[in-house]
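One letter stands for each residue in the lines below.
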Amino acid sequence: MFPSCYSKPSDSGGKRSSIAKVLLGVFVVYMLHTAWLLYGFVNTKPCDGSTGELCIYSYLTGRPRLQLSVFTCLLPDNSQLNLAVKVDPFDPHLTFENQVNISLPEETQANGTLYAVVYVHKAGVSPLEDRKEVHYAAQLTTYITPPNTGDQKDTQKQPRAETPVSHWRPHLSVTLMSEDFSFSKAGLPSDVRRYMRVSQEGRQMIYLPLLLVNELSFRVRDLMEISSRTVQLPLTVSYEGISLRRFRFWVHLHDIVYSLRQFGFTEENIDEIKETLVGSNLYLLVLTALITALQLICEFLALKNDISSWRKKKTMAGMSRKSVLWRCLSTLLIFLHLLEETSLLVLLPVGLGACVEVWKVFKVFKIQMNKKFHINKMDEEERKTVEYDAQASRYLSYLVFPLCISGAIFSLAYLRQKSYYSWLINSLVTGVYAFGFLSMAPQIFINHKLRSVSHLQGTVLMYRGVNTLISDLCSCASLFSTSVSFSSSHQLSCFRDELLFFLYLYQRRLYVSKPRRRETVTKKVKTH
């Protein structure tokens, strides 16, 4: 038997790569499925009865005389209905808005609930006696924990009440699909089928009006707390006739909000998502979804390649310790800053990135915490890298320290309006945003001294550069002018990835034909 001249490579990296490809494939399939659904309800074809298709026609085609009635009740079971709004005659194509005062029953005043039941039925006939009526029940109250608006001294003496309190929704938005559309019985969309009631009139099948209460219209900031002394509260009832396309669009948005509640999103986070969904045009929203999907794919690929390349690193030669440490601290500070003013959609990727940056610090400083805390020794190339890193940091400190001190003094005026913790976090984050570009200087300096960029992962820089470039271009075009987007200062800080990528391309062009001596020697040894 001849001795083996090489060791068998580990297949753990291949398994991880396969898992990443499977996850990426599942994500791409999900986005394609979502795009197919969007195409489906945007391009719903009407039924053609001349071809022999079995069609379901609209009840509104016969122009019946209708009435819209809004009742309030403690339970939506057709018992003890109190009439609040009556519109007779009711034209589904006309938009209106009524403001009324609702008297609250004693059960609702005692932290109870109240429902609104909207009926569309024949005019002059009770909705309970009309066989072709349609109705929709919606809550006029919701339970949330009231914010603590007292002073700090009162908060220390009395614990904050965590019991949810009933709040009043002052808006009730009613929508009805008023388009004269005929459906094919064989190709009836599933989202429409949930709201459809079919009636048989001779040989013809008709569907009753598609009624929906738009619960995306109310916001947490509009809620009014109900106390035991509250006797009446205002209610604005608005109506709008919509097309089939918009009706299906609202149904899908309601499903999205329901799913977010099941995943544990707070009402404040859901409010921000509502502002994004409701305040956008349908085609603009689809474009936004596609761009967001592209950004998620770029971020996922960048994170995957970044973790993979750092796991394979056996030497930290050429890597700036100060840049890695600065990026870790800046990411943690940005996470603490966004924790107070941004939604969960932004916090999740930033928090995951902060965890990865902390792991990089342990890698670049060669810190291991198996059973004992110890730091591994550095080789000659790593010592030379640390010297260059210290030299670049010393030059950089001549500029950064005066600017940081002057900026902290200038921000003392902020301390009068906020707490010391908020002032400290805001001052540090402002420094991170202002000097984020300078944090790249040590790494650029090390690349210049070593005449090499082989220690950097170009794929990661490319994905991050493309991701932030898309985000910044969309921000400039006002495509993402919503509360869910990053702040303008955070968008400005993202340009560091683009600048680093362009500098990397420039240095790669200079040094790609001049590999370091150690790399050349290593390649020759491997060849022999």
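Criteria and thresholds
Residues numbered from 1 in each chain as written. Predicted model: local features only at pLDDT ≥ 70, side-chain atom pairs only at ≥ 80, totals over all residues. Heavy atoms only, no water. Helix = DSSP H or I, 4+ residues; strand = E, 2+ residues; numbered from the N terminus. Polar contact = N/O pair within 3.5 Å; in protein donor to acceptor, adjacent residues only side chain to side chain. Contact = heavy atoms within 4.5 Å. Buried < 20%, exposed > 50% of the residue type's maximum accessible area, 1.4 Å probe, protein only. Lys, Arg positive; Asp, Glu negative; His and termini not counted. Salt bridge = Lys/Arg side-chain N within 4 Å of Asp/Glu carboxyl O. Pairing = 2+ DSSP bridges. Axes fitted to C-alpha atoms, helices over the stretch in contact; angles between N-to-C directions. pLDDT = per-residue confidence, 0-100. Disulfide = S-S within 2.5 Å. Phe/Tyr/Trp six-rings, centres within 6.5 Å; stacked < 30°, edge-to-face > 60°.

1. Overview of the side chain of His 167
Along the chain, His 167 turns up in strand 8 (residues 165–168). A polar atom in the side chain of His 167 sits 2.8 Å from the backbone oxygen of Val 165. Sequence-distant contacts of His 167, defined by excluding residues within four places in its chain, comprise Leu 140, Thr 141, Thr 142, Ile 144, Leu 223, Met 224, Glu 225 and Ile 226.

2. Brief notes about the side chain of Arg 321
Along the chain, Arg 321 falls in helix 8 (residues 321–338). Although Arg 321 lies buried, it forms no salt bridge, and the closest oppositely charged side chain, Glu 382, sits 6.2 Å away as judged by the N-O distance. The residues touching Arg 321, leaving out its near neighbours within four places in the chain, are Val 364, Phe 365, Met 378, Val 386 and Asp 389.

3. Here we look at the sheet that holds strand 4 (residues 96–103)
Strand pairing in a sheet is mediated by backbone hydrogen bonds. Such pairs are either parallel or antiparallel. Across the sheet, 4 strands lie side by side as 4-15-9-13; this open sheet has mixed pairing. The open sheet has two edge strands with one neighbour each: strand 4 and strand 13 (211–213). Going across the sheet, the axis of each strand differs from the next one's by a mean of 25 degrees, ignoring polarity. The pairing of strand 9 (residues 171–177) with strand 13 spans 3 bridges and is classified as antiparallel. Of the residues in strand 13, the one forming a bridge with Leu 176 is Leu 211. Each of strand 9, strand 13 and strand 15 (232–242) is contacted by helix 5 (residues 244–262), which is oriented at about 45 degrees to strand 13, the strand it contacts most.

4. Section: the pattern of salt bridges
Applying the stated criterion to the full structure yields 11 salt bridges. Among the ionic pairs, Asp 306 bridges to Lys 360, the shortest N-O distance being 2.4 Å. In this pair, Asp 306 sits in helix 7 (residues 282–312) while Lys 360 sits in helix 9 (residues 344–364), placing the two residues 54 residues apart along the sequence. For the pair formed by Asp 306 and Lys 360, the shared burial category is buried. Here Lys 366 and Glu 382 are joined by a salt bridge, their closest N and O atoms 2.7 Å apart. Taken as a pair, Lys 366 in the loop between helix 9 and strand 16 (367–369) and Glu 382 in helix 10 (residues 380–410) lie far apart in primary sequence, 16 residues in all. Each of the two residues, Lys 366 as well as Glu 382, counts as buried. Salt bridges sharing common partners tie together Asp 306, Arg 327, Glu 357 and Lys 360.

5. Considerations on the environment of Leu 216
Its location among the elements puts Leu 216 in the loop between strand 13 and strand 14 (224–225). Residue Leu 216 is classed as buried on the basis of its relative accessible area, which comes to 2%. For the pair formed by Leu 216 and Ser 173, sequence separation is 43 residues and the distance between their alpha carbons is 8.8 Å.

6. Things to note about the confidence of the model for the protein
Summarising the model, the protein shows a mean pLDDT of 77, and 74% of its residues fall at 70 or more. Residue range residues 1–10 is modelled with pLDDT below 50. Its contacts to residues more than four positions away, or to other chains, number 0 contacts. Here residues 515–526 is a poorly scored stretch, pLDDT under 50, and it has 12 contacts once near neighbours within four places are set aside; other chains count.

7. Here's the deal with the state of the cysteines
Throughout the structure, instances matching the rule amount to 1 disulfide. Free cysteine Cys 328: the closest other cysteine sulfur is in Cys 355, separated by 9.7 Å.

8. Brief notes about the packing of aromatic side chains
Two descriptors summarise a pair of aromatic rings, namely the distance from one centre to the other and the angle between the planes of the rings. On inspection of all chains with the given rule, the structure shows 9 aromatic pairs. For the pair Phe 183 and Tyr 207, a centre-to-centre distance of 5.2 Å together with 70 degrees between the ring planes defines the contact as edge-to-face. On the criterion of sequence distance, the pair formed by Phe 183 in strand 10 (residues 183–184) and Tyr 207 in strand 12 (residues 204–207) is long-range, its members being 24 residues apart. Of the residues examined, Phe 183 reaches a relative accessible area of 2% and is grouped as buried.

9. Overview of helix 12 (residues 441–450)
Turn by turn, an α-helix covers 3.6 residues, leaving residues three or four places apart pointing in a common direction. Of all 10 residues in helix 12, 7 are buried; the element is thus mostly enclosed. Regarding helix 12, the residues found buried are Pro 442, Gln 443, Ile 444, Phe 445, Ile 446, Asn 447 and Leu 450. The positive-phi residue at the C-terminal boundary of helix 12 is Arg 451, with phi of around 55 degrees.

10. Comments concerning unusual backbone geometry
With an omega of 0 degrees, the peptide bond between Asp 88 and Pro 89 qualifies as cis. Position of Pro 89 among the secondary structure elements: in strand 3 (residues 82–90). One non-glycine residue, Asn 111, lies in the positive phi region at around 60 degrees. One can find Asn 111 in the loop between helix 2 (106–109) and strand 5 (115–122). Given the relative accessible area of 33%, Asn 111 is considered partly exposed. Look at Lys 366: it is not a glycine, yet its phi comes out positive at around 55 degrees.

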